[in-house]
Amino acid sequence: MNRRYLLGTLPLLAAAPALAQQLPDIRTLSVTPGAAGTNVTGSLADTKARGLYYVPGQAGQTMNVSVASAGNNVVFQVWEPGTGVRTNADGTLALNGKPMRDAGPSEEPAAWIGALPKTGPYLLIVYSRRDAASYTLTVSVTGS
(Lines give C-alpha, C1' and ligand atoms only; values in the text may rest on other atoms or scores of the structure.)
Protein backbone atom coordinates (compact mmCIF):
# COMPACT_ATOMS: atom_id res chain seq x y z
CA MET A 1 0.00 0.00 0.00
CA ASN A 2 1.25 3.45 -0.80
CA ARG A 3 2.43 5.21 2.36
CA ARG A 4 1.13 8.58 1.17
CA TYR A 5 -2.37 7.11 0.65
CA LEU A 6 -2.37 5.56 4.12
CA LEU A 7 -1.28 8.81 5.81
CA GLY A 8 -3.94 10.71 3.88
CA THR A 9 -6.72 8.48 5.26
CA LEU A 10 -5.73 8.79 8.93
CA PRO A 11 -7.49 12.16 9.48
CA LEU A 12 -10.68 10.73 7.97
CA LEU A 13 -10.56 7.65 10.19
CA ALA A 14 -9.94 9.78 13.28
CA ALA A 15 -12.97 11.97 12.47
CA ALA A 16 -15.33 9.05 11.84
CA PRO A 17 -16.50 8.60 15.48
CA ALA A 18 -17.31 12.31 15.72
CA LEU A 19 -19.51 12.11 12.61
CA ALA A 20 -21.39 8.99 13.67
CA GLN A 21 -24.25 9.74 16.03
CA GLN A 22 -26.28 7.32 18.08
CA LEU A 23 -29.61 6.46 16.52
CA PRO A 24 -32.61 7.45 18.60
CA ASP A 25 -34.66 4.71 20.28
CA ILE A 26 -37.73 4.01 18.12
CA ARG A 27 -40.44 1.74 19.51
CA THR A 28 -42.63 -0.29 17.10
CA LEU A 29 -46.30 -0.28 18.06
CA SER A 30 -48.48 -3.32 17.51
CA VAL A 31 -51.69 -2.02 15.94
CA THR A 32 -54.37 -4.49 14.84
CA PRO A 33 -56.31 -3.16 11.82
CA GLY A 34 -59.95 -2.55 12.70
CA ALA A 35 -59.34 -2.75 16.47
CA ALA A 36 -60.28 0.04 18.87
CA GLY A 37 -56.71 1.35 18.88
CA THR A 38 -53.43 1.08 20.71
CA ASN A 39 -52.73 3.41 23.64
CA VAL A 40 -49.22 4.33 24.69
CA THR A 41 -48.29 6.53 27.63
CA GLY A 42 -45.06 8.45 27.84
CA SER A 43 -43.36 11.47 29.28
CA LEU A 44 -41.14 14.16 27.82
CA ALA A 45 -38.48 15.82 29.98
CA ASP A 46 -38.56 19.10 28.05
CA THR A 47 -39.21 20.61 24.61
CA LYS A 48 -36.13 18.89 23.16
CA ALA A 49 -37.30 15.39 24.13
CA ARG A 50 -39.04 13.19 21.55
CA GLY A 51 -41.13 10.04 21.67
CA LEU A 52 -40.51 8.02 18.50
CA TYR A 53 -42.76 5.23 17.25
CA TYR A 54 -43.07 3.09 14.14
CA VAL A 55 -46.60 2.07 13.15
CA PRO A 56 -46.90 -0.60 10.43
CA GLY A 57 -49.35 0.36 7.70
CA GLN A 58 -50.43 -0.75 4.25
CA ALA A 59 -51.24 1.38 1.23
CA GLY A 60 -54.97 2.12 1.20
CA GLN A 61 -55.46 1.86 4.96
CA THR A 62 -56.52 4.82 7.09
CA MET A 63 -54.55 5.80 10.18
CA ASN A 64 -56.08 7.70 13.09
CA VAL A 65 -53.67 9.29 15.59
CA SER A 66 -54.40 11.44 18.62
CA VAL A 67 -52.42 12.59 21.63
CA ALA A 68 -53.79 13.84 24.96
CA SER A 69 -51.83 15.76 27.57
CA ALA A 70 -52.45 18.08 30.48
CA GLY A 71 -52.46 21.62 29.12
CA ASN A 72 -52.79 20.28 25.55
CA ASN A 73 -49.14 21.05 24.86
CA VAL A 74 -48.09 17.72 23.29
CA VAL A 75 -48.30 17.34 19.51
CA PHE A 76 -46.93 14.93 16.90
CA GLN A 77 -45.81 14.44 13.33
CA VAL A 78 -46.39 11.48 10.98
CA TRP A 79 -43.74 10.60 8.36
CA GLU A 80 -43.98 8.19 5.41
CA PRO A 81 -42.15 4.84 5.31
CA GLY A 82 -38.51 5.13 4.33
CA THR A 83 -37.88 8.28 6.38
CA GLY A 84 -34.29 8.28 7.59
CA VAL A 85 -33.74 9.25 11.22
CA ARG A 86 -30.51 10.21 12.93
CA THR A 87 -29.40 12.35 15.84
CA ASN A 88 -27.34 15.49 15.21
CA ALA A 89 -24.33 16.32 17.39
CA ASP A 90 -26.52 18.68 19.45
CA GLY A 91 -29.04 15.90 20.14
CA THR A 92 -31.75 17.15 17.77
CA LEU A 93 -33.34 14.85 15.21
CA ALA A 94 -32.42 14.99 11.54
CA LEU A 95 -35.09 13.51 9.27
CA ASN A 96 -34.78 12.64 5.62
CA GLY A 97 -38.20 11.81 4.25
CA LYS A 98 -41.69 13.06 3.58
CA PRO A 99 -44.20 14.09 6.26
CA MET A 100 -47.82 13.14 5.80
CA ARG A 101 -50.16 15.91 4.68
CA ASP A 102 -51.55 17.89 7.63
CA ALA A 103 -49.24 16.01 10.05
CA GLY A 104 -45.88 17.60 9.36
CA PRO A 105 -43.59 19.95 11.28
CA SER A 106 -45.57 23.08 10.42
CA GLU A 107 -48.98 21.67 11.38
CA GLU A 108 -48.21 20.14 14.83
CA PRO A 109 -51.53 18.28 15.17
CA ALA A 110 -52.93 16.75 18.36
CA ALA A 111 -55.33 14.66 16.22
CA TRP A 112 -55.03 13.43 12.64
CA ILE A 113 -56.72 11.00 10.24
CA GLY A 114 -55.13 10.17 6.91
CA ALA A 115 -55.06 7.67 4.06
CA LEU A 116 -51.78 5.76 3.83
CA PRO A 117 -50.13 6.02 0.41
CA LYS A 118 -47.42 3.37 0.99
CA THR A 119 -46.89 0.07 2.74
CA GLY A 120 -44.31 0.10 5.50
CA PRO A 121 -43.57 1.55 8.94
CA TYR A 122 -44.85 5.11 9.46
CA LEU A 123 -42.80 7.22 11.86
CA LEU A 124 -44.65 9.10 14.63
CA ILE A 125 -42.75 11.79 16.50
CA VAL A 126 -44.32 13.05 19.74
CA TYR A 127 -43.05 16.23 21.42
CA SER A 128 -44.01 19.04 23.77
CA ARG A 129 -44.43 22.63 22.61
CA ARG A 130 -43.68 23.92 26.12
CA ASP A 131 -42.17 22.39 29.25
CA ALA A 132 -42.08 18.80 30.44
CA ALA A 133 -45.21 16.76 29.77
CA SER A 134 -46.86 13.38 30.09
CA TYR A 135 -49.04 12.09 27.27
CA THR A 136 -51.27 9.32 26.01
CA LEU A 137 -50.90 8.49 22.33
CA THR A 138 -53.73 6.60 20.62
CA VAL A 139 -53.22 4.99 17.20
CA SER A 140 -55.64 2.94 15.12
CA VAL A 141 -55.55 1.63 11.56
CA THR A 142 -58.56 0.61 9.48
CA GLY A 143 -58.99 -0.88 6.04
CA SER A 144 -57.50 -3.83 4.20
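Above this note sits the structure.
Asks: Any details on the nonpolar core? Residues and values, ideally.
Replies: In terms of nonpolar packing, the biggest core is built from 25 residues, with Met63, Leu124, Val126, Leu137 and Val139 touching the most fellow members. Only strand S2 (38–44), strand S3 (51–57), strand S4 (62–69), strand S5 (74–79), strand S9 (120–128) and strand S10 (133–142) provide two or more residues apiece to this core. Per element, the largest residue contribution to this core is five residues, and it comes from S10. Among all residues touching Val139, those that are not within four sequence positions of it are Leu29, Val31, Gly37, Thr38, Val55, Met63, Asn64, Val65 and Leu124. Counting residues in hydrophobic clusters, the runner-up holds seven residues, among them Leu52, Val75, Trp79 and Tyr127.

Asks: Any chance you could break down the environment of Ala59 for me, citing the residues and the numbers?
Replies: On the secondary structure map, Ala59 appears in the loop between S3 and S4. The exposure class of Ala59 is partly exposed, given its relative accessible area of 40%. Taking the C-alpha atoms as reference, Ala59 lies 9.4 Å from Gly143; in sequence the two are 84 residues apart. Leave out the neighbours within four places in its chain, and Ala59 touches Leu116, Pro117, Lys118 and Thr119.

Asks: Tell me about the side chain of Gln77, and name the residues and values.
Replies: Take Gln77: it is sitting in strand S5. Take Gln77: its relative accessible area is 9%, and that puts it in the buried class. With near-sequence residues (within four places) excluded, Gln77 lies in contact with Leu95, Ala103, Gly104, Pro105, Leu123, Leu124, Ile125 and Tyr127.

Asks: Residues and numbers for unusual backbone geometry, please.
Replies: With a phi close to 50°, Glu108 is a non-glycine residue in the positive phi region. In this fold, Glu108 is placed in the loop between strand S7 (93–96) and strand S8 (111–115). The exposure class assigned to Glu108 is partly exposed, which follows from its relative accessible area of 28%. The backbone of Asp131 sits at a positive phi, close to 65°, despite the residue not being glycine. Secondary-structure assignment places Asp131 in the loop between S9 and S10.

Asks: If you had to explain the sheet that holds S2 to someone new, which residues and values would you point to?
Replies: Overall, antiparallel pairing links the four strands, which are arranged S2-S10-S4-S8 in an open sheet. The sheet is open, and its two edges are formed by S2 and S8, each paired on a single side. When the angles between neighbouring strand axes are averaged without regard to direction, this sheet yields 15°. Across five bridges, S4 lies against S8 in antiparallel orientation. The residue bridging Thr62 from the neighbouring strand is Ala115, located in S8.

Asks: I'd like to hear about the sheet that holds strand S1 (residues 27–28), residue by residue, with values.
Replies: A sheet is described by the order of its strands in space; here four strands give the open sequence S1-S3-S9-S5, paired in mixed fashion. The outermost strands of the open sheet, each flanked by one partner alone, are S1 and S5. Bridge count for S3 against S9 is seven bridges, and the pairing is antiparallel. Bridging from a neighbouring strand, Gly57 pairs with Gly120 of S9.

Asks: Can you lay out the pairing of S7 for me, pointing to particular residues and giving the numbers?
Replies: For strand S6 (residues 84–87) and S7, the ladder comprises four bridges, and the chain directions are antiparallel. Its bridge partner being in S7, Thr87 is matched across the sheet by Leu93. The turn joining S6 and S7, which pair antiparallel and follow one another in sequence, is formed by five residues; a positive phi near 90° is taken by Gly91.

Procedures and definitions
Residues numbered from 1 in each chain as written. Predicted model: local features only at pLDDT ≥ 70, side-chain atom pairs only at ≥ 80, totals over all residues. Heavy atoms only, no water. Core = buried A, V, L, I, M, F, W, Y, C linked by side-chain atoms within 4.5 Å. Buried < 20%, exposed > 50% of the residue type's maximum accessible area, 1.4 Å probe, protein only. Helix = DSSP H or I, 4+ residues; strand = E, 2+ residues; numbered from the N terminus. Contact = heavy atoms within 4.5 Å. Pairing = 2+ DSSP bridges. Axes fitted to C-alpha atoms, helices over the stretch in contact; angles between N-to-C directions.

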